[in-house]
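# Descriptive analysis of the structure
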Amino acid sequence: MNGSVTFYLPFGLVLDGNLYRKGTMHLATTGDELDIQSTDEAGMNTRYRDILLLAKVIDELDGLKPVTREMIENLFEADFLYLQLLYREMNSELPTQITAVCPQCHREHPVMLPELYRDMSIYQKA
């Protein structure tokens, strides 16, 4: 994976009646990590840490620059989780394959995380 990736939020950020879905995220730098560590709240709350970190590594969202903490806080939960997975995948913090258990038949199935959102082509419309 190169230094940045284009993504499409499954639901999108709604601001002032406008929907923003297409964005870019860069690989985290040491500086990105250090900047958020100086915030007291980040050390006490991992969720807040992730909000601050995503605001650092998301370069733009449909032309909105910079992406702020408030923007990340206003995302739908599914979009926030998607961005957390994308961040972890890009920065090698996540295995590329996990095992999911079917709630009905209780069989285990391998799931490739990089492919998890690839079949959501309906969300990739500009």
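Residues numbered from 1 in each chain as written. Predicted model: local features only at pLDDT ≥ 70, side-chain atom pairs only at ≥ 80, totals over all residues. Heavy atoms only, no water.

### A closer look at the nonpolar core
Of all hydrophobic cores here, the largest spans 26 residues; its most connected members are Phe7, Met25, Leu54, Ile58, Ile72 and Leu83. Secondary-structure elements contributing two or more residues to this core are strand S1 (4-15), strand S2 (18-26), helix H3 (46-57), strand S3 (58-61), helix H4 (69-73) and helix H5 (77-90). The element that contributes the greatest number of residues to this core is H3, accounting for 7 residues. Apart from residues lying up to four places away in sequence, methionine 25 is in contact with Gly3, Ser4, Val5, Phe7, Leu54, Val57, Ile58, Asp59, Leu83, Leu86, Tyr87 and Met90. (Core = buried A, V, L, I, M, F, W, Y, C linked by side-chain atoms within 4.5 Å. Buried < 20%, exposed > 50% of the residue type's maximum accessible area, 1.4 Å probe, protein only. Helix = DSSP H or I, 4+ residues; strand = E, 2+ residues; numbered from the N terminus. Contact = heavy atoms within 4.5 Å.)

### Re the sheet that holds S3
Taken in spatial order, the 3 strands line up as S1-S2-S3 in an open sheet, and their pairing is antiparallel. Since the sheet does not close on itself, it has two edges, and those belong to S1 and S3, each with one partner. Between one strand axis and the next, the sheet turns by 25° as a mean value, whatever way the strands run. Where S1 and S2 come together, 8 bridges link them in antiparallel fashion. Residue pairing in the sheet places serine 4 in a bridge with histidine 26 of S2. The strands touched by H5 are S1, S2 and S3; relative to S1, the strand with the most contacts, the crossing angle is about 165°. (Pairing = 2+ DSSP bridges. Axes fitted to C-alpha atoms, helices over the stretch in contact; angles between N-to-C directions.)

### Re the pairing of S2
Hairpin connection, S1 to S2: the antiparallel pair is bridged by 2 residues, and aspartate 16 has positive phi, about 50°. Here 3 bridges tie S2 to S3, and the two strands are oriented antiparallel to one another. Counterpart to glycine 23 in the pairing with S3 is leucine 61.

### Some thoughts on empty space enclosed by the protein
Scanning the model with the defined rule gives 1 cavity of 30 Å³ or more in all. There is about 40 Å³ of room inside the largest cavity. Surrounding the largest cavity, Phe7, Leu9, Leu13, Ile58, Leu61, Val67, Met71, Ile72, Leu75 and Leu83 form its lining. For the lining of the largest cavity, the elements supplying multiple residues, two or more each, are S1, S3 and H4. Of the residues forming the lining of the largest cavity, the biggest block, 3 residues, is contributed by S1. In the lining of the largest cavity, the residues fall into 10 nonpolar, no polar and no charged. (1 Å grid on protein atoms, 1.4 Å probe; cavity = no way out; pocket = protein on both sides within 12 Å on 5 of 7 lines; lining within 4 Å. Points joined across faces, edges and corners; volume = space filled by probe spheres on them. Nonpolar A, V, L, I, M, F, W, Y, C, P; charged D, E, K, R; others polar.)

Worth remembering: the numbers are spatial, not functional.
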